[in-house]
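# Structural characterization, general
Residue-level listing of the chains:
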Amino acid sequence: MPIALITGATSGFGRATAYRFAEAGWSLILTGRRSERLATLEAELGAKVDVLTLTLDVRDAEAVKAAIDGLDAQWREITCLVNNAGLALALEPAQRVDLNDWHTMIDTNITGLVNVTHAVLPLLIATGKGASIVNIGSVAASNPYPGSHVYGATKAFVQQFSYNLRCDLKGSGVRVTDVAPGMAETEFMLVRSKGDEQASKRLYDGANPLQPEDIAAQVFYVATLPEHININRLEIMPTSQSWSPFSIERE
Ligand SMILES: NC(=O)C1=CN([C@@H]2O[C@H](COP(=O)(O)OP(=O)(O)OC[C@H]3O[C@@H](n4cnc5c(N)ncnc54)[C@H](OP(=O)(O)O)[C@@H]3O)[C@@H](O)[C@H]2O)C=CC1
Ligand SMILES: O=CCS(=O)(=O)O
């Protein structure tokens, strides 16, 4: 069975993606920082498919490299890497943000994604045709909005990194896709608001947001297309979400 490695599998899109791939019988390497949630996933999915869990902070380049280099032969033939681990922090405007929040987003969404990609690339190239990298970007990559500051900028990095990878991977058979969701109901807002359950509820209530399974279905779709097809970017919003006019400040 093909193997998918999913970062940030302990919640939201990552967890739903693990379930989607398991449904199709894929073997799974699941990572995240919360070991107890990984253990639960292993218990839930392990009866159906082969599951290997790795407790990993994607920001730690050495730990990421050691974990990937240490994979047993049976886990090395990775067909799909889903770079999903990520977060937004700070709802305040740029001029009031704690600098640590900016660093955490850059360290996770950019450096973490790069750490995992660098470690797994040789294995994907060895797999060759049909292999893919699915990077979870965001509509925030190309749509500015107040309070997005560094978050949207990290996702713009994800988009351009995905395109640039395609150039270098030409001829390897490895595909790269930037899956860019809009508003989706996960723990995303709980993390962004630093645990404010009411803020999270307010955002999603009545908005009919995307659900984690909606994105999992798209990730599975792009990763299982015939090997000659590469979706470069897939942007998905809930029907309830659209754009606002430019904001004008008047004297
Ligand atoms: N929900 C939304 O509206 C949207 C989300 N996205 C993106 O989707 C991705 C998944 O988010 P979503 O499912 O919504 O949010 P969740 O908060 O539900 O899930 C985030 C996942 O990322 C993991 N993670 C966070 N930091 C680290 C880290 N340093 N090392 C390893 N794992 C980490 C978390 O695991 P753990 O805490 O166990 O480490 C968790 O499994 C993110 O990249 C996010 O930016 C994009 C567009 C829309
Ligand atoms: O990436 C998250 C989607 S949004 O909150 O920026 O619309």
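This text goes with the structure placed above it.
First, a word on what this report is: a plain description of the structure on this page. Small disclaimer: the values here were computed from a predicted structure and weren't measured.

What counts, and at which threshold
- Residues numbered from 1 in each chain as written.
- Chains lettered and ligands numbered in written order.
- Predicted model: local features only at pLDDT ≥ 70, side-chain atom pairs only at ≥ 80, totals over all residues.
- Heavy atoms only, no water.
- Near = heavy atom within 4 Å.
- Polar contact = N/O pair within 3.5 Å; in protein donor to acceptor, adjacent residues only side chain to side chain.
- Areas by Shrake-Rupley, 256 points an atom, 1.4 Å probe, with all protein chains shown as cover.
- Nonpolar A, V, L, I, M, F, W, Y, C, P; charged D, E, K, R; others polar.
- Helix = DSSP H or I, 4+ residues; strand = E, 2+ residues; numbered from the N terminus.
- Buried < 20%, exposed > 50% of the residue type's maximum accessible area, 1.4 Å probe, protein only.
- Contact = heavy atoms within 4.5 Å.

Around ligand 2 sit S138, V139, A140, Y145, Y151, F188, R192 and Q241, and that is every residue in its neighbourhood. At 2.6 Å from an oxygen atom of ligand 2 is found a side-chain nitrogen or oxygen belonging to Y145. Coverage of ligand 2 by the protein chains reaches 85% of its 240 Å² of free accessible surface. Residue composition of the shell around ligand 2, by class: five nonpolar, two polar and one charged.

Tracing the sequence through the fold places H149 in helix 5 (residues 149-168). On the basis of relative accessibility, which here comes to 22%, the residue H149 falls in the partly exposed class. For the pair H149 and E92, spaced 57 residues apart in the sequence, the C-alpha separation amounts to 9.5 Å. Apart from residues no more than four positions distant in its own chain, H149 is found in contact with L89, A90, E92, P93, A94, V97, W102 and M105.

For the rest of this paragraph, the subject is the site of ligand 1. As a matter of local geometry, ligand 1 sits amid 30 residues, with T10, S11, R33, Y151 and T186 nearest to it. R33 places a polar side-chain atom, nitrogen or oxygen, 2.6 Å from an oxygen atom of ligand 1. For ligand 1, a nitrogen atom lies 3.5 Å from a polar atom in the side chain of R59. Starting from 870 Å² of accessible surface for ligand 1 in isolation, the protein chains cover 96%. Breaking the shell around ligand 1 down by element, the ones donating at least two residues are helix 1 (12-23), helix 5 and helix 6 (188-192). Grouping the amino acids of the shell around ligand 1 by side-chain chemistry returns 12 nonpolar, 12 polar and six charged.

Residue placement: T224 occurs in the loop between helix 8 (212-223) and strand 7 (233-236). On the accessibility criterion, T224 (36% relative accessible area) is partly exposed. C-alpha of T224 to C-alpha of T79: the two residues are 145 residues apart in sequence and 9.8 Å apart in space.

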